Amino acid sequence: MAHGIGAYLGNAWLNALGNNTSFAVAQVYVKLHVGDPGANGTANPATETTRKAASFGVASAGVLTSDDDVTWTNIAGSQDANHFTAWDSLTTGNFLFSGTITANPYDAGDTYAIDAGNLTATLTLAS
């Protein structure tokens, strides 16, 4: 399974640290997947292809947590999204990171939400 930070994000962070290059993401967008999205974030996409904006609170103890709901209305297809990917663009852009979702399956036409606090990114910190 290939969950975690994408190559683009990892290299951008390292270049910001080691090569004095700027790095920022103006907005993170979340896409649903029905299986492991793989190292490039493109495998097993959900029928619902719309990416939704996500917002996060300030990271603490190596954890970045969503601070608002991420909601799809009138969702396409009846599936069980169990993975997500995060991107720096609404339609194209760079794959940032991926992870798992624990939620209920949805039916076509439903409203589906990842509630605030339930979308997290975690880095292992030295202890």
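Everything here concerns the structure above.
If you're wondering where the values come from, they're calculated on a predicted model, not measured in any experiment.

**Student:** Lay out the layout of surface pockets in plain terms, naming residues and giving numbers.
**Tutor:** As a volume, the largest pocket reaches approximately 490 Å³. Forming the walls of the largest pocket are 19 residues, and the residues nearest its centre are Leu 9, Trp 13, Leu 64, Phe 97 and Ala 121. Mapped onto the lining of the largest pocket, the elements with two or more residues apiece are strand E1 (4–5), helix H1 (7–18), strand E4 (63–65), strand E7 (95–100) and strand E9 (120–122). No other element matches E7, which puts 3 residues into the lining of the largest pocket.

**Student:** I'd like a description of the packing of aromatic side chains, backed by residues and values.
**Tutor:** The final tally for this structure, using the stated rule, is 5 aromatic pairs. With 6.1 Å between their ring centres and 85° between their planes, Phe 84 and Phe 97 make a pair best called edge-to-face. Here Phe 84, found in strand E6 (residues 83–87), pairs with Phe 97, found in strand E7; they are 13 residues apart in sequence, far enough to count as distant. There is no split in this pair, since Phe 84 and Phe 97 are both buried. An angle of 50° between the planes, with centres 5.6 Å apart, marks the rings of Trp 87 and Phe 95 as tilted. Summarising the burial analysis for this pair, Trp 87 and Phe 95 share the class buried. Grouping aromatic residues by their ring pairs yields a cluster made of Trp 72, Tyr 106 and Tyr 112. Here the guanidinium or amino end of Arg 51 rests over the ring plane of Trp 87, the centre of that ring lying 4.1 Å away.

Basis of the calculations
Residues numbered from 1 in each chain as written. Predicted model: local features only at pLDDT ≥ 70, side-chain atom pairs only at ≥ 80, totals over all residues. Heavy atoms only, no water. 1 Å grid on protein atoms, 1.4 Å probe; cavity = no way out; pocket = protein on both sides within 12 Å on 5 of 7 lines; lining within 4 Å. Points joined across faces, edges and corners; volume = space filled by probe spheres on them. Helix = DSSP H or I, 4+ residues; strand = E, 2+ residues; numbered from the N terminus. Phe/Tyr/Trp six-rings, centres within 6.5 Å; stacked < 30°, edge-to-face > 60°. Buried < 20%, exposed > 50% of the residue type's maximum accessible area, 1.4 Å probe, protein only. Lys NZ or Arg CZ within 6 Å of the ring centre and 35° of its normal.

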